[in-house]
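Structural description and commentary
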Amino acid sequence: MNPTEGVTVTHRRYVPHSHAHYGGNLVDGAYGLGLFGDVATELLIRTDGDEGLFAAYSTVEFLAPIQAGDVIEATATLVRVGTRSREIDFEARVVCRSAPHRGPSAADVLDPPVVVTRARGTVVAPPR
(Lines give C-alpha, C1' and ligand atoms only; values in the text may rest on other atoms or scores of the structure.)
Protein backbone atom coordinates (compact mmCIF):
# COMPACT_ATOMS: atom_id res chain seq x y z
CA MET A 1 0.00 0.00 0.00
CA ASN A 2 1.18 3.49 -0.77
CA PRO A 3 -0.56 6.28 1.24
CA THR A 4 -1.65 9.17 -0.97
CA GLU A 5 -2.41 12.72 0.10
CA GLY A 6 -5.99 13.73 -0.53
CA VAL A 7 -7.58 10.41 0.48
CA THR A 8 -10.82 11.16 2.36
CA VAL A 9 -13.08 9.09 4.61
CA THR A 10 -16.50 10.21 5.91
CA HIS A 11 -18.73 8.68 8.60
CA ARG A 12 -22.25 9.74 9.60
CA ARG A 13 -23.85 9.07 12.96
CA TYR A 14 -27.01 9.96 14.86
CA VAL A 15 -26.28 11.62 18.22
CA PRO A 16 -28.55 9.88 20.76
CA HIS A 17 -30.25 11.82 23.54
CA SER A 18 -28.36 9.68 26.08
CA HIS A 19 -25.20 11.62 25.09
CA ALA A 20 -26.58 15.02 26.14
CA HIS A 21 -24.63 16.29 29.16
CA TYR A 22 -25.74 19.90 29.42
CA GLY A 23 -28.85 22.07 29.28
CA GLY A 24 -30.43 22.54 25.87
CA ASN A 25 -29.53 18.94 24.92
CA LEU A 26 -25.90 19.95 24.36
CA VAL A 27 -23.27 17.25 23.85
CA ASP A 28 -19.67 17.72 25.00
CA GLY A 29 -17.04 18.64 22.41
CA ALA A 30 -15.19 15.39 23.01
CA TYR A 31 -17.99 13.62 21.11
CA GLY A 32 -16.70 15.10 17.85
CA LEU A 33 -13.13 14.15 18.71
CA GLY A 34 -14.25 10.56 19.21
CA LEU A 35 -15.70 10.61 15.69
CA PHE A 36 -12.38 11.92 14.40
CA GLY A 37 -10.62 8.92 15.96
CA ASP A 38 -13.02 6.59 14.14
CA VAL A 39 -12.55 8.17 10.71
CA ALA A 40 -8.77 8.32 11.23
CA THR A 41 -8.80 4.58 11.96
CA GLU A 42 -10.59 3.78 8.72
CA LEU A 43 -8.34 6.18 6.79
CA LEU A 44 -5.21 4.38 8.07
CA ILE A 45 -6.70 0.96 7.31
CA ARG A 46 -7.36 2.10 3.74
CA THR A 47 -3.95 3.74 3.21
CA ASP A 48 -1.64 1.58 5.34
CA GLY A 49 -3.46 -1.68 6.02
CA ASP A 50 -3.30 -1.02 9.78
CA GLU A 51 -5.36 0.95 12.30
CA GLY A 52 -2.31 2.97 13.37
CA LEU A 53 -2.11 5.05 16.55
CA PHE A 54 -3.32 8.60 17.13
CA ALA A 55 -0.36 10.69 18.34
CA ALA A 56 -1.66 14.26 18.81
CA TYR A 57 -3.88 17.08 17.71
CA SER A 58 -2.04 20.24 16.64
CA THR A 59 -5.25 22.30 16.44
CA VAL A 60 -8.85 21.85 17.55
CA GLU A 61 -11.60 24.41 16.97
CA PHE A 62 -15.07 24.06 18.49
CA LEU A 63 -17.15 26.26 16.18
CA ALA A 64 -20.79 25.44 17.03
CA PRO A 65 -22.65 23.16 19.45
CA ILE A 66 -23.47 19.50 18.90
CA GLN A 67 -26.94 18.62 20.17
CA ALA A 68 -28.73 15.40 20.95
CA GLY A 69 -30.82 14.47 17.93
CA ASP A 70 -28.25 15.72 15.43
CA VAL A 71 -26.99 13.65 12.53
CA ILE A 72 -23.31 14.47 12.37
CA GLU A 73 -20.84 13.81 9.58
CA ALA A 74 -17.11 13.52 10.30
CA THR A 75 -14.55 13.68 7.52
CA ALA A 76 -10.82 12.91 7.62
CA THR A 77 -8.54 14.00 4.77
CA LEU A 78 -4.91 12.89 4.52
CA VAL A 79 -2.82 16.05 3.99
CA ARG A 80 0.77 14.91 4.62
CA VAL A 81 2.53 11.55 4.41
CA GLY A 82 5.77 11.06 6.30
CA THR A 83 7.86 7.92 6.71
CA ARG A 84 5.53 6.68 9.47
CA SER A 85 3.48 9.74 10.41
CA ARG A 86 0.33 10.87 8.67
CA GLU A 87 -1.15 14.34 9.10
CA ILE A 88 -4.92 14.53 8.80
CA ASP A 89 -7.43 17.39 8.56
CA PHE A 90 -10.77 16.73 10.25
CA GLU A 91 -14.14 18.42 9.95
CA ALA A 92 -17.43 17.58 11.69
CA ARG A 93 -20.69 18.94 10.31
CA VAL A 94 -24.29 18.67 11.49
CA VAL A 95 -26.31 17.55 8.45
CA CYS A 96 -29.68 17.06 10.21
CA ARG A 97 -31.00 18.60 13.44
CA SER A 98 -34.05 17.85 15.54
CA ALA A 99 -36.84 20.45 15.50
CA PRO A 100 -38.73 19.83 18.77
CA HIS A 101 -40.77 23.02 18.34
CA ARG A 102 -42.62 21.17 15.52
CA GLY A 103 -43.06 17.91 17.40
CA PRO A 104 -41.14 15.36 19.49
CA SER A 105 -39.69 13.52 16.47
CA ALA A 106 -39.51 16.38 13.94
CA ALA A 107 -36.16 17.13 12.30
CA ASP A 108 -34.69 19.15 9.46
CA VAL A 109 -32.01 18.53 6.86
CA LEU A 110 -29.54 21.42 7.15
CA ASP A 111 -28.53 22.94 3.83
CA PRO A 112 -25.81 23.94 4.14
CA PRO A 113 -24.60 21.73 7.01
CA VAL A 114 -23.30 23.47 10.15
CA VAL A 115 -19.56 23.01 10.73
CA VAL A 116 -19.19 22.22 14.44
CA THR A 117 -15.57 21.13 14.85
CA ARG A 118 -12.32 21.34 12.86
CA ALA A 119 -8.98 19.84 13.80
CA ARG A 120 -5.62 18.71 12.49
CA GLY A 121 -3.98 15.62 13.92
CA THR A 122 -1.08 13.27 13.49
CA VAL A 123 -1.35 9.49 13.44
CA VAL A 124 1.47 6.98 13.27
CA ALA A 125 1.50 3.88 11.08
CA PRO A 126 3.63 0.89 12.05
CA PRO A 127 6.88 0.25 10.20
CA ARG A 128 6.49 -1.81 7.03
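Quick look at the structure, then.

1. Focus on the environment of Thr 10
Here Thr 10 lies in strand β1 (residues 8-14). For Thr 10, a relative accessible area of 41% corresponds to the partly exposed category. Residues Thr 10 and Ala 76, spaced 66 residues apart in sequence, show a C-alpha to C-alpha distance of 6.5 Å. Polar side-chain contacts of Thr 10 include one of 2.9 Å to the side chain of Thr 75.

2. Side note on the packing of aromatic side chains
Counting across every chain of the model gives four aromatic pairs. Their ring planes at 45° and their centres at 4.7 Å tell us that Phe 54 and Tyr 57 sit as a pair that is tilted. On the accessibility criterion, Phe 54 (33% relative accessible area) is partly exposed. Accessibility expressed as a relative area gives 29% for Tyr 57, which makes it partly exposed. These aromatic residues form a ring-pair network of at least three members: Phe 36, Phe 54, Tyr 57 and Phe 90.

3. Comments concerning the pattern of salt bridges
With the rule as written, the count across this model stands at 12 salt bridges. A salt bridge links Arg 13 to Asp 38; its shortest N-O distance comes to 2.8 Å. Of this pair, Arg 13 sits in strand β1 while Asp 38 sits in helix α1 (residues 30-48); the two residues are 25 residues apart in sequence, bridging distant segments of the chain. Given the relative accessible area of 33%, Arg 13 is considered partly exposed. In this structure, Glu 42 and Arg 46 form a salt bridge, with 2.7 Å as the shortest nitrogen-oxygen distance. Of this pair, Glu 42 and Arg 46 both sit in helix α1, four residues apart, which is roughly one turn of that helix. Under the relative-accessibility criterion, Arg 46 is labelled exposed at 56%. Where salt bridges share partners, they join Arg 12, Glu 73, Glu 91, Arg 93 and Arg 118 into one cluster.

Definitions and limits used
Residues numbered from 1 in each chain as written. Predicted model: local features only at pLDDT ≥ 70, side-chain atom pairs only at ≥ 80, totals over all residues. Heavy atoms only, no water. Helix = DSSP H or I, 4+ residues; strand = E, 2+ residues; numbered from the N terminus. Buried < 20%, exposed > 50% of the residue type's maximum accessible area, 1.4 Å probe, protein only. Polar contact = N/O pair within 3.5 Å; in protein donor to acceptor, adjacent residues only side chain to side chain. Phe/Tyr/Trp six-rings, centres within 6.5 Å; stacked < 30°, edge-to-face > 60°. Salt bridge = Lys/Arg side-chain N within 4 Å of Asp/Glu carboxyl O.

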